[in-house]
Amino acid sequence: MKENRYTFSCPICLDLLKDPVTTPCGHSYCKNCIKDHWDTEDEKKTYSCPQCRNFTPRPELLKNTMLAVLVEQLKKTGLQAAPADHCYAGPEDVACDVCTGRKLRAVKSCLQCVASYCEKHLQPHYESPTFKKHKLVEPSEKLQENICSHHDEVMKMFCRTDQQCICYLCSVEEHKGHDTVSAAAERTERQRELEGSRHNIQQRIQDREEDVKLLQQEVEAINGSADKAVEHSEKIFTQLIRLMEERRSDVKQQVRSQQETEVSRVKELQEKLEQEITELKRKDAELKKLSHTEDHNQFLHNYPSLSALSESTHSSSIKIRPLKYFEDVTAAVSELRDKLQDVLRETWTNISLTETEVDVLLSQPEPKTRADFLRYSCELTLDPNTANTLLLLSEGNREATRVSQHQSYSDHPDRFTLWSQVLSRESLTGRCYLEVEWRQRGGRLCVAVAYKNISRTGRSKESLFGLNDKSWSLNCATDSYEFYYNNIKTPVSDPRSSRVGVYLDHRAGILSFYRVSDTMTLLHRVQTTFTEPLYAGIRLISQNEDSAELCKLK
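What comes next is a walk through the structure. Note that this is a predicted model, so its numbers are computed, not measured. (Residues numbered from 1 in each chain as written. Predicted model: local features only at pLDDT ≥ 70, side-chain atom pairs only at ≥ 80, totals over all residues. Heavy atoms only, no water.)

### Here we look at the overall build of the protein chain
The helix and strand tally for the protein chain stands at ten helices and 24 strands. In the protein chain, buried positions account for 32% of the 554 residues. The long-range fraction of contacts in the protein chain, counting pairs at least 24 apart against all pairs at least 6 apart in sequence, stands at 56%. A total of about 35800 Å² of accessible surface is found on the protein chain, and carbon and sulfur atoms cover 51% of it. (Helix = DSSP H or I, 4+ residues; strand = E, 2+ residues; numbered from the N terminus. Buried < 20%, exposed > 50% of the residue type's maximum accessible area, 1.4 Å probe, protein only. Contact = heavy atoms within 4.5 Å. Areas by Shrake-Rupley, 256 points an atom, 1.4 Å probe, with all protein chains shown as cover.)

Rendered as structure tokens:
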């Protein structure tokens, strides 16, 4: 069948012959194919047979009747003389180097011949003993890379000295005396290395896949735990809200009930007094009338009965309760609100600290540029309840100024009583960044972070930033810096700046202080383990009217 297919194919288009004609040399073509071929040769006046020789002048084409009949019979029997369209070489295929006209797709390439062949032209490699030892490989467009550019020979050698493929002539000329082996031997050696590399890669793939599975399990565990936490917290908050609603209703009912009782008492006294007023007015009218009586005997007779007065309600019996009764209720409710806010704030800090975090395989890099740091910027305010009375807070509680007169702050257990320092209201957890701007008149600034349980009223070391194991501080003078922790001083030599940056990676235990200018200059870094949430701290030392501000960074 294959022989019939190739016998009745046009050598130019490779399709089944259409309107077959025969040249004087005996080869047959599609009439249109050979005509188009010769039309392109009109200028040369020499017309070639694509398979053998030239003709001059252009020969007459005669229809091959017998071949036309055979082709028609082949069509009727369904035999396809030409390959299907998918057998032709496309833009991404390797084309047969022997085919003329429309080329077929190559099925093999020969390293010895340095050529690629379609199925038809590959047959001699399978049938002729001459080609038995030729190396056939998958079709390749890079066969020419196997030819030595100097000697036009197939490169079958490898120079280990220069690490390149060479031909035999290269091994005795340019690469003479080098360590050379056959390309096959080098391939065998490299193949062993390749297998080792593949083994390592496959092992790493397996390890990474296991890591991915673990992370997926972690994701599922986090999602499940988060769903349960949300569900339970919703129930608890709903119960709290219901309890608050009940307490609100109770307070409202008690106030209204007391209001009704008090109003009823007052109105009862009011009615009693109004009755007494009416009686007194009547008695006064009778006495007035009696005073105008001219008959002395009549006056004296009626006076005793009219002059007698009923017992009067004494003013001391009217007890006016102070309106502060209800102000006390408002104060009590306000105090409850403040306590709840403190409890909720502290609880939220604990929730934030204990949030589940995925232990990623690669640690997060520390920021380098200010833009990188600003990605972790946090909005902080100073807590008035912690401010020493020699500090005046302003700018929405973001700025602290050292003053000479004590401020009339209310007593609070969180207030620093010995040192002119203050903590932020918000806690610092996770990764966060803040900047402190210092406007000084010659004093000193202390920028710190501290645990909330740092002493507020104890001995100096217990409550002063940097002199205990509950706080870390950078002291800024006019021309130098000093870092303090647990009363240990570390000098920092760097030109002073009016702005200090603080970067915290709470989970990684990294605390860094930076001088902020056009660039970020590291002043001091701490690597430790933080066991509680941290709070930003500011201390203004010595000079009145010095001020420091937690900068707005967003």
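That shown, we press on.
### Section: the side chain of Thr-401
Note on placement: Thr-401 falls in strand E13 (residues 399–402). For Thr-401, a relative accessible area of 18% gives the class buried. Apart from residues no more than four positions distant in its own chain, Thr-401 is found in contact with Leu-390, Leu-391, Leu-392, Leu-540, Glu-545, Asp-546 and Ser-547.

### Overview of the sheet that holds strand E21 (residues 510–516)
Across the sheet, which stays open at both edges, the seven strands sit in the order E12-E13-E24-E15-E20-E21-E22 with antiparallel pairing between neighbours. Strands at the two margins of the open sheet, each flanked by one partner only, are strand E12 (391–394) and strand E22 (520–527). Across this sheet, the average inter-strand angle for adjacent strands is 20°, counted without regard to direction. In this sheet, strand E20 (residues 499–505) lies alongside strand E15 (residues 431–439) in antiparallel orientation, the contact comprising seven bridges. (Pairing = 2+ DSSP bridges. Axes fitted to C-alpha atoms, helices over the stretch in contact; angles between N-to-C directions.)

### Some remarks on the side chain of Thr-23
Note that Thr-23 resides in the loop between strand E1 (20–22) and strand E2 (28–30). Look at Thr-23 and you get buried, because its relative accessible area is 4%. Once you skip the residues sitting within four places of it in the chain, Thr-23 turns out to touch Tyr-29, Trp-38 and Leu-61.

### A look at the sheet that holds strand E9 (residues 157–159)
Taken in spatial order, the three strands of this open sheet run E10-E9-E11, and their pairing is antiparallel. Of all strands in the sheet, those with a lone pairing partner are strand E10 (164–166) and strand E11 (180–182), marking the two edges. Taken over all neighbouring pairs, the strand axes of this sheet differ in orientation by 35° on average, direction set aside. The pairing of E9 with E10 spans three bridges and is antiparallel. Pairing of Phe-158 across the sheet is with Cys-165, part of E10. Packed onto the sheet, helix H6 (residues 183–291) meets E9 and E11 and runs at close to 90° relative to E11.

### What to know about the pattern of salt bridges
For the structure on display, the rule yields 26 salt bridges. In this structure, the salt-bridge partner of Arg-282 is Glu-279, at a minimum N-O distance of 2.3 Å. Taken together, the positions of Arg-282 and Glu-279, both in helix H6 and three residues apart, correspond to about one turn of that helix. Of the residues examined, Arg-282 reaches a relative accessible area of 38% and is grouped as partly exposed. Between Glu-482 and Lys-489 there is a salt bridge, with the nearest N and O atoms lying 3.7 Å from each other. Glu-482 gets classed as buried once you look at its relative accessible area, which sits at 19%. Residue Lys-489 is classed as partly exposed on the basis of its relative accessible area of 44%. (Salt bridge = Lys/Arg side-chain N within 4 Å of Asp/Glu carboxyl O.)

### A word on the pairing of E22
In terms of strand pairing, E21 meets E22 through seven bridges, oriented antiparallel. Each bridged residue has a counterpart across the sheet, and for Val-516 the counterpart in E22 is Met-520.

### Observations regarding the packing of aromatic side chains
Applying the stated criterion across every chain, the model contains eleven aromatic pairs. Taken together, Phe-373, Tyr-376, Tyr-433, Tyr-503 and Tyr-514 form an aromatic cluster joined through their ring pairs. Over the ring of Phe-416 we find Arg-456; its NZ or CZ atom is 5.0 Å from the centre of that ring. (Phe/Tyr/Trp six-rings, centres within 6.5 Å; stacked < 30°, edge-to-face > 60°. Lys NZ or Arg CZ within 6 Å of the ring centre and 35° of its normal.)

### Quick notes on H6
With 109 residues, H6 extends 152 Å between its outermost C-alpha atoms, agreeing within 8% with the 162 Å of an ideal straight helix rising 1.5 Å per residue. Here H6 has its buried residues at Glu-186, Asp-211, Gln-258, Glu-262, Glu-276, Lys-283 and Leu-290. (Expected span 1.5 Å × (residues − 1).)

### Focus: the state of the cysteines
Throughout the structure, instances matching the rule amount to zero disulfides. Just so you know, Cys-118 is unpaired, no disulfide at all, and the nearest cysteine sulfur is the one on Cys-99, 3.7 Å from it. Residue classification places Cys-118 among the buried residues on the basis of a relative accessible area of 1%. Cysteine Cys-148 remains unbridged, with the sulfur of Cys-170 as its closest cysteine sulfur at 3.5 Å. (Disulfide = S-S within 2.5 Å.)

### Section: the pairing of E15
By the criterion of burial, E15 is predominantly enclosed, with seven of the nine residues buried. Sheet topology places E15 next to strand E24 (residues 547–550); four bridges connect them, and they run antiparallel. When the bridges of E24 are listed, Arg-439 appears paired with Ser-547.

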